[in-house]
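# Close look at the chain arrangement
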Amino acid sequence: MVNGSNGQPIGPLTGMRVIDWTMWQFGPVSTMMLADLGAEVIKLESLDGDHGRQFGRVGGVQSDMPEGVNAYFEGMNRNKKGIALDLKNPRGVEILYKLVEKSDVFVENFRKGVAERLGVGYDDLKKHNPEIVYGSASGYGPEGPDSHKPAFALTGEARSGALWWAGPNDNVPYQIGVADQAAGIMLSYGVLGAIIAKERYGYGQKVDVSHLGSMMWTRGMQNGISMLQGQEFQRQSSREAGNVLWNYYECSDGEWIAFSMGQSDRYWPIFCKGLNRLELLEDDRYNSMDARYENRAELIALLDEIFKTRTRVEWEKRMLEAGDLIFERVQRTLDLASDPQVIENEYIVDFDHAALGKTKWLQTPVTFSKTPVSTRKMAPAQGENTEELLIELLDYSWDDIAELQGQGVIL
Amino acid sequence: MVGNGSVESTGPLKGIRVLDWTMWQFGPVSTSMMGDMGADVIKIEALDGDAGRALRRASKLGTGLPGDRNAYFETTNRNKKGIAVNLKTQQGKDIIYKMVETADVFVQNFRQGVAERLGIGYDTLHEINPLMVYGSASGYGPNGPDSALPSFDGCGQARGGLMMSATPVGVKEPSRVSGGVSDQIGAIMLCQGVLAALVARHTQGIGQKVDTSHLSANMWLLGLGISMAMIMGGVDMGAYERKNPRNALANLYMCKDERWIQLMHLQPDRYWESFMTVMGLGHLVNDPRFATMDMRNDHGPELVEALDAAFVTKTFDEWDKIFRSGYDFIYAKVQGITELVDDPQVISNDYITTFDHPTIGPVQMCNHPNIYSETPSGIFREAPELGQHTEEILIDELDYTWDDINDLRDAGVIL
């Protein structure tokens, strides 16, 4: 275990410093991932703070917690230090420039034009640090007629086609709710690519990532096939699956079991053995991939009936005994924290939170053999580390601090 | 345009050599992303090839292309060279070991134990090249009781919670997010893990193993929801209900032309008055049922009914024009993926790009989604035919001779 309050990072980005001028989810997730990887991330907020701090409700869930902690904000700002500055005050911008001189990465997710108006666009910052990697998040990409359009996660899912990825084939869109997270992942990935280029070639650059591009990429393989074939994938319910071995079935206890075997001819005999229905192997309506495709409606109806005769645990046992099949239980979010596979791989870790006590946290899901990711620190209170950073990193004095506070530049 | 159709790559990984011993989608997409970023990726296949070459049907779409090409394989293996080697022979292993000496990255997505059995596990390769990054993809992670179990796309969605979270409220049957997303996010995370390890190699002087799994990547894709559920001590965010939303101004509505529109106002108080007025629902602005955000939650179905009735009076384009005339509303058109090709925003940012494929001619492909100002990523070459570059790599890179090539072929080591 590498997780503990305020421990030292040991990840692959140890020694890198990131200025995180982001809010809501897209930007904050990307920089939290860099922090999980060991970078020193300084969250820069305006004096009224990241609006995510006030987000009272997410979906159906209340996000306010004891001691002024907000679950939404907490969930994507751990491992960061916090500084609060008024960027509309030239002295605030000057502090930012000094930070940039001592940093490797700057990330922002404001609407196009906002950074430039405040003097913190890429062209401004590279004057202060030509090697800076400038990560920029947007809804629709840096170019094009909608590049200025405001965006939140669902606008990205809508525009990219993602509202047609899940749900029954009933001509109504369904949301999945992953666009900010997917785009945050792509932004941290883009920044890593640019850090490598910086390390190897010695120059910085700007990296642009959007909801639209990221969501298109999240379903890249199928979108790629669609582009090559000029055809849309149709949504389907499990009752219409093209391959009955790439489908899921309800068991007698109401739990579901999913099968994921694309090579259906290879697995069909073992599957029938697991079902204890070897006579299906002789049935020429079902004895090849094409035959099963042709007769899928009646075969799925039959399989539905068979699976309803036993509990999921019984089916899991039978399928394991039958041989080398590829299947899985269908879990819900709250099943994950007690899943031994999740625990042993530290995909969820226990963290002793200063305000909340023992809590469970999702950790960046990559296992490094030498430089592990870690969960070290709760999300910063607004401006939590302003004084520390100004004094220790930027050589301001306590007198300067008092003056800056008096002028409303810092909190 | 990025460097499409040119064999010269331009991305941030230019000069990095990646050995790609992967098949199906999870591994291959991760290495094709490295290829997009300019790395020199060599796909290593057994003599009977990546099983993905033979996948005839993805969901209900056929995958066959002219010239015996396959859309599934082409999509997941662009920007790679190909070498076909029999890893069950000692000479075959020697070829891999020689390549490892000068490689920066090795990636594999076979079941736990397979690489070790063939003599190309992390410990063996780390001894040959201690600075090499070894990326490993699995279904359930390197540790735990199920670490050796096989897994395909749907397994990760099922176990990781994605399937249930995409299931509409009141629907009993799990809703699978269209196939491939689980593999794709696994691939994205694996590629990211390798990139971070390359940074550590440069800054800390170490090579290491990086593991990513279907289970972890799917959990991470739902990261916020899972984290919040854990922090709140076990409250599931639940799925989404269009007709009874928590926030009617962040919801889906159908326009007159049956085009759906997604509203996304997370600060609804800020937009309430102007939005309702523009929708012709000004009389509801001060309706006591909708006075506060919480009251609008309580009366969600009534509000959705009013907005449903308003939206069907105009087409999407008509609403779009009104919304753009001086308002700052946050919304998007709900599109299908074949509409993306004509979306000016997609075109302007080159998110879909045209690639001149030597066998099938000009084709459109989903481009790498990140835009680098100095080192553009892109599509530099098509997927290799099985063993297409075996001779070139053995002779140019590993100093084998044409006589050696003939011997190896006779011994069944290469094609």
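Remember, it's a predicted structure, so these values are computed and weren't measured experimentally. Within each chain, residues carry numbers counting from 1 in the order of the written sequence. Each chain takes a letter, starting from A, and each ligand takes a number, starting from 1, following the order in which they are written. Totals for whole chains, interfaces and linings use all residues, but because this is a predicted model, local features are given only for residues with pLDDT of at least 70 and pairs of side-chain atoms are given and counted only at 80 or more. Heavy atoms throughout the structure, all of them, feed into the side-chain values; hydrogens and water do not.

The next subject is the overall build of chain A. Regarding its fold elements, chain A presents 16 helices and 14 strands. With the principal axes as the frame, chain A shows a C-alpha extent of 85 × 50 × 40 Å. Residues counted as buried form 63% of the 411 residues belonging to chain A. In what follows, a contact means two residues having at least one pair of non-hydrogen atoms within 4.5 Å. At a minimum sequence separation of 6, the contacts of chain A that also span at least 24 residues come to 67%. Computed with a 1.4 Å probe, the accessible areas rest on the Shrake-Rupley method; for each residue, only the protein chains presented here act as cover. Carbon together with sulfur atoms contributes 48% to the accessible area of chain A, which is approximately 14,300 Å² in total. The numbering of helices and of strands both runs from the N terminus, where a helix is a DSSP run of H or I of at least 4 residues and a strand a run of E of at least 2. Each residue's exposure class comes from its accessible area (1.4 Å probe, protein chains only) as a fraction of the maximum for that residue type: buried when under 20%, exposed when over 50%, partly exposed otherwise.

A tally of helices and strands in chain B yields 17 helices and 16 strands. Taken along its principal axes, the extent of the C-alpha atoms in chain B is 85 × 50 × 45 Å. The proportion of buried residues among the 415 residues of chain B is 64%. Counted over contacts in chain B with a minimum sequence separation of 6, partners at least 24 positions apart contribute 68%. Within the structure as shown, chain B displays about 14,400 Å² of accessible surface, and the carbon and sulfur contribution to it stands at 49%. A distance of 5 Å separates the average location of the 35 positive side-chain charges in chain B from that of its 53 negative side-chain charges. His is not counted, nor are the chain ends, whereas Lys and Arg count as positive and Asp and Glu as negative. Charge positions come from single atoms, namely NZ of Lys, CZ of Arg, CG of Asp or CD of Glu.

Another aspect to go through is the sheet that holds strand β10 (residues 209-213) of chain B. By the convention used here, strands pair only if DSSP detects at least 2 bridges between them. As summarised here, the arrangement of the 7 strands in space is β14(A)-β10(B)-β9(B)-β8(B)-β1(B)-β2(B)-β7(B), forming an open sheet in which the pairing is mixed. Among the strands making up the open sheet, the edge pair consists of β14 (367-368) of chain A together with β7 (80-84) of chain B. Note that strand β2 (residues 40-45) of chain B and β7(B) share 5 bridges and pair parallel. Bridging from a neighbouring strand, B:K43 pairs with B:G82 of β7(B).

What follows concerns unusual backbone geometry. With a phi close to 65 degrees, A:N171 is a non-glycine residue in the positive phi region. Inspection of the secondary structure puts A:N171 in the loop between α6 (153-160) and α7 (179-201). Given a relative accessible area of 54%, A:N171 falls into the exposed group. Unusually for a residue other than glycine, B:D350 sits at a positive phi of about 60 degrees. For B:D350, the position within the fold is in the loop between α15 (344-348) and β14 (352-357). On the basis of relative accessible area, B:D350 is assigned to the buried category, the value being 12%.

The interface is formed by 159 residues belonging to chain A together with 156 residues belonging to chain B. Summed over both sides, the interface of chain A with chain B buries roughly 14,000 Å², with 64% coming from carbon and sulfur. Pairs of N or O atoms within 3.5 Å make up the polar contacts considered here, provided that, within protein, one atom can donate a hydrogen while the other can accept it, and that residues adjacent in sequence are counted only when both atoms are side-chain atoms. Here chain A and chain B share 61 residue pairs in polar contact (both at pLDDT 80 or more) between them. In terms of residue count, the dominant contributor to the side of chain A that touches chain B is α7(A) (16 residues). Buried area, as used here, totals the accessible surface that two parts lose on assembly, with accessibility defined by a 1.4 Å probe and the loss added over both.

This part covers the domain arrangement of chain A. Domain boundaries assigned for chain A yield domain 1 (17-221 + 364-406) and domain 2 (238-333). The distance between the C-alpha centroids of domain 1 of chain A and domain 2 of chain A comes to 44 Å. For every domain, the bounds stem from an assignment made automatically or drawn from a database.

Here we take up the nonpolar core. Throughout this description, the term nonpolar core refers to a set of buried Ala, Val, Leu, Ile, Met, Phe, Trp, Tyr and Cys residues connected via side-chain atoms within 4.5 Å. Counting 229 residues, the largest nonpolar core has A:F271, A:F307, B:M34, B:L307, B:F311 and B:F323 as the members making the most contacts within it. Mapping this core onto the domain boundaries places at least three of its residues in each of domain 1 (17-221 + 364-406) and domain 2 (238-333) of chain A. Residue contacts for B:L307: discarding those within four places in its chain leaves B:A248, B:L249, B:Y253, B:F275, B:M276, B:M279 and B:L281. B:W21, B:F110, B:A115 and B:L118 belong to the second-largest nonpolar core, a separate cluster that totals 31 residues.

This part takes up the packing of aromatic side chains. Classification of ring pairs uses Phe, Tyr and Trp, with its six-membered ring standing for Trp, and accepts pairs whose centres are within 6.5 Å; under 30 degrees between planes counts as stacked, over 60 as edge-to-face, and the remaining range as tilted. Scanning the entire structure with this criterion turns up 32 aromatic pairs over all chains. Seen from their ring centres, B:F275 and B:F311 are 6.4 Å apart, and the 40 degrees between their planes marks the pair as tilted. Of this pair, B:F275 sits in helix α11 (residues 268-278) while B:F311 is found in helix α13 (residues 300-311), placing the two residues 36 residues apart along the sequence. Here the guanidinium or amino end of A:K149 rests over the ring plane of B:Y331, the centre of that ring lying 4.1 Å away. The cationic tip of B:R296 hangs over the ring face of B:W272; the distance from NZ or CZ to the ring centre is 4.3 Å. Each ring is checked for a lysine NZ or an arginine CZ that lies within 6 Å of its centre and within 35 degrees of its normal; such an atom marks a charge sitting over the ring.

Quick look at the pattern of salt bridges now. Within this document, salt bridges are pairs made up of a side-chain nitrogen of Lys or Arg and a carboxyl oxygen of Asp or Glu, the two lying within 4 Å of each other. Inspection of the entire model under this criterion finds 48 salt bridges over all chains. B:K43 is paired through a salt bridge with B:D50; the nearest N and O atoms lie 3.0 Å apart. Residue classification places B:K43 among the buried residues on the basis of a relative accessible area of 0%. The exposure class assigned to B:D50 is buried, which follows from its relative accessible area of 3%. A cluster of three or more residues bridged by salt bridges with shared partners is formed by A:E316, A:E328, A:R329, A:D339, B:D146 and B:R159.

So, on to the environment of A:E279. Residue and element names in this part refer to chain A. Its place among the elements puts E279 in the loop between α10 (264-275) and α11 (289-294). Residue E279 is classed as partly exposed on the basis of its relative accessible area, which comes to 45%. Once the C-alpha coordinates of E279 and W268 are considered, the two residues, 11 residues apart in sequence, prove to be 12 Å apart. A polar contact of 2.8 Å, which involves the side chain of E279, links it to the side chain of R277.

Let's shift gears to the side chain of B:K93. All names here are of chain B. Locating K93 in the fold gives a position in helix α3 (residues 90-102). Polar side-chain contacts of K93 include one of 2.9 Å to the backbone oxygen of L87. Those residues within four positions of K93 in sequence are excluded, and the remaining contacts are L87, K88 and L118.

Moving on to the side chain of A:H353. Residue and element names in this part refer to chain A. Structurally, H353 can be placed in strand β12 (residues 348-353). A relative accessible area of 2% means that H353 is categorised as buried. In contact with H353, other than residues within four places in its own chain, are V69, E74, T359, W361 and M378.

This part covers the packing of helix α15 (residues 386-393) of chain A against helix α16 (residues 398-406) of chain A. All names here are of chain A. It is at 10 Å that the axes of α15 and α16 come closest, and there the two elements cross at 135 degrees. Taken together, the axes of α15 and α16 lie oblique to each other. Here the hand of the crossing between α15 and α16 comes out right-handed. Touching E387, L390 and I391 of α15 are W398, I401, L404 and Q405, all from α16. Classification used: nonpolar for Ala, Val, Leu, Ile, Met, Phe, Trp, Tyr, Cys and Pro, charged for Asp, Glu, Lys and Arg, polar for all others including Gly. Of the residues contributing to the contact of α15 with α16, the split by class is 5 nonpolar, 1 polar and 1 charged. Lines fitted to the C-alpha atoms define the axes, with helices restricted to the stretch that makes contact. Angles between their N-to-C directions range from 0 to 180 degrees. Angular relationships are summarised with four words: roughly parallel below 35 degrees, roughly antiparallel beyond 145, roughly perpendicular across 65 to 115, and oblique for the angles in between. Definitions for this section: a left-handed crossing has its near helix turned counterclockwise from the far helix by less than a right angle. A right-handed crossing has that turn clockwise.

All names here are of chain B. Alternating residues of strand β12 (residues 260-263) divide into W260 and Q262 and I261 and L263, and every residue in both groups is buried. Of the pairings in the sheet, the one linking strand β11 (residues 252-254) to β12 comprises 3 bridges and is antiparallel in character. Within β12, the position partnered with L252 by the bridge is Q262. Between the antiparallel neighbours β11 and β12 lie 5 residues, among them E258 with a positive phi of about 65 degrees. Here β12 runs beside strand β13 (residues 331-333); their pairing, made up of 3 bridges, is antiparallel. Residue L263 lies in a different strand from β13, and its bridge partner there is Y331.

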